[in-house]
Amino acid sequence: MQALKKIISSTLHLFYPHLCNGCNSDVLNKDNLLCIECINNLPHTNYAKFEKNPIEKIFWGRLPIKAAFAEFYFDKESLLQHLIHQLKYKSNTQIGIFLGEMMGNSINNSTLYKNIDALIPLPLFADKERKRGFNQAKVICDGISNRTNIPVLNNSIISKRFTETQTRKHRTERWQNVAESFALNNAQALAGKHILLVDDVITTGATLEACGNIILQIPNTILSIATLAFASK
């Protein structure tokens, strides 16, 4: 019986190979999305453990946050860029959940995020989300929630208008591009809570700042920020 199972498994693997989402290697556990080598090559920042880290400093003097971190460093032509591209443009939501779960592990191992009440994904404009089929920030939140059991409050904040991509815009242009882009949709659900606002990649923080300012209009809210990756340039 064991020999038969092995033959069936080998045959299925031949026709339906289970490949690493990072390097396409077939040397990985059937339950994993990445091989051990790719997992070990992910560029963790470890910022979740430390106050006054580079993500917090982005918001100094701009937004009164409690804490902030990014899970990974982002570089062009890197493994992480490939994985984020798979999530956003190839509808590979499984990799988004997988990476979000890594963020959840970091939150669980940090004293700075012990009292988070709710996860808020940075909202996409409705037409853009409909075209893509999902909000990548919501997918990442689902992964975080899998590890932390913190609820995801989707659609409590909405994006009011389409904004152009922030790529290749300088700081002032980025801020002008997202100013007045967000609105409260269910303020009562957020009142008095410590909110963790989540996005995929942070560069200047302009979009998160615009959304965070809307959240902090709600009475007695506390705001922290988490992103999957940090693009320093």
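What counts and what doesn't
Residues numbered from 1 in each chain as written. Predicted model: local features only at pLDDT ≥ 70, side-chain atom pairs only at ≥ 80, totals over all residues. Heavy atoms only, no water. pLDDT = per-residue confidence, 0-100. Contact = heavy atoms within 4.5 Å. Disulfide = S-S within 2.5 Å. Core = buried A, V, L, I, M, F, W, Y, C linked by side-chain atoms within 4.5 Å. Buried < 20%, exposed > 50% of the residue type's maximum accessible area, 1.4 Å probe, protein only. Salt bridge = Lys/Arg side-chain N within 4 Å of Asp/Glu carboxyl O. Helix = DSSP H or I, 4+ residues; strand = E, 2+ residues; numbered from the N terminus. Pairing = 2+ DSSP bridges.

Focus: the confidence of the model for the protein chain
Per-residue pLDDT for the protein chain averages 88, and the proportion of residues at 70 or more is 85%. Across residues 4–15 the pLDDT falls below 50, and counting only partners more than four positions away or on other chains, this stretch makes three contacts in the model.

Examining the state of the cysteines
Scanning the entire structure with this criterion turns up zero disulfides. Between Cys38, a cysteine without a disulfide, and Cys20, which holds the nearest cysteine sulfur, the sulfur-to-sulfur distance is 3.7 Å.

Considering the nonpolar core
With 64 residues, the main nonpolar core has Ile55, Phe59, Leu99, Tyr113 and Leu197 as its most contacted residues. Not counting residues up to four positions away in its chain, the partners in contact with Leu99 are Leu42, Phe72, Leu80, Leu83 and Leu228.

Concerning the pattern of salt bridges
Overall, the coordinates contain five salt bridges when judged by the stated rule. A salt bridge links Arg147 to Glu101; the nearest nitrogen and oxygen atoms lie 3.4 Å apart. Of this pair, Arg147 sits in helix H7 (residues 136–148) while Glu101 sits in helix H5 (residues 93–108), and the two are 46 residues apart along the sequence. Arg130 serves as the salt-bridge partner of Asp127, at 2.3 Å between the closest nitrogen and oxygen. Of this pair, Asp127 and Arg130 both sit in helix H6 (residues 126–132), three residues apart, which is roughly one turn of that helix. Residue class for Asp127 comes out partly exposed when judged on its relative accessible area of 44%.

Some details on helix H10 (residues 206–215)
For H10, the buried fraction is high: nine of the ten residues fall into the buried class. Of the positions making up H10, those classed as buried are Ala206, Thr207, Leu208, Glu209, Ala210, Cys211, Gly212, Ile214 and Ile215.

Here we look at the pairing of strand S5 (residues 194–202)
Counting buried positions along S5 gives eight out of nine residues, so the element sits mostly inside the fold. In this sheet, S5 lies alongside strand S2 (residues 118–121) in parallel orientation, the contact comprising four bridges. Within S5, the position partnered with Pro121 by the bridge is Val198. Where S5 lies against strand S6 (residues 222–230), eight bridges are found, and the strand directions are parallel. Residue pairing for S6: Ile195 is matched across the bridge by Leu223.

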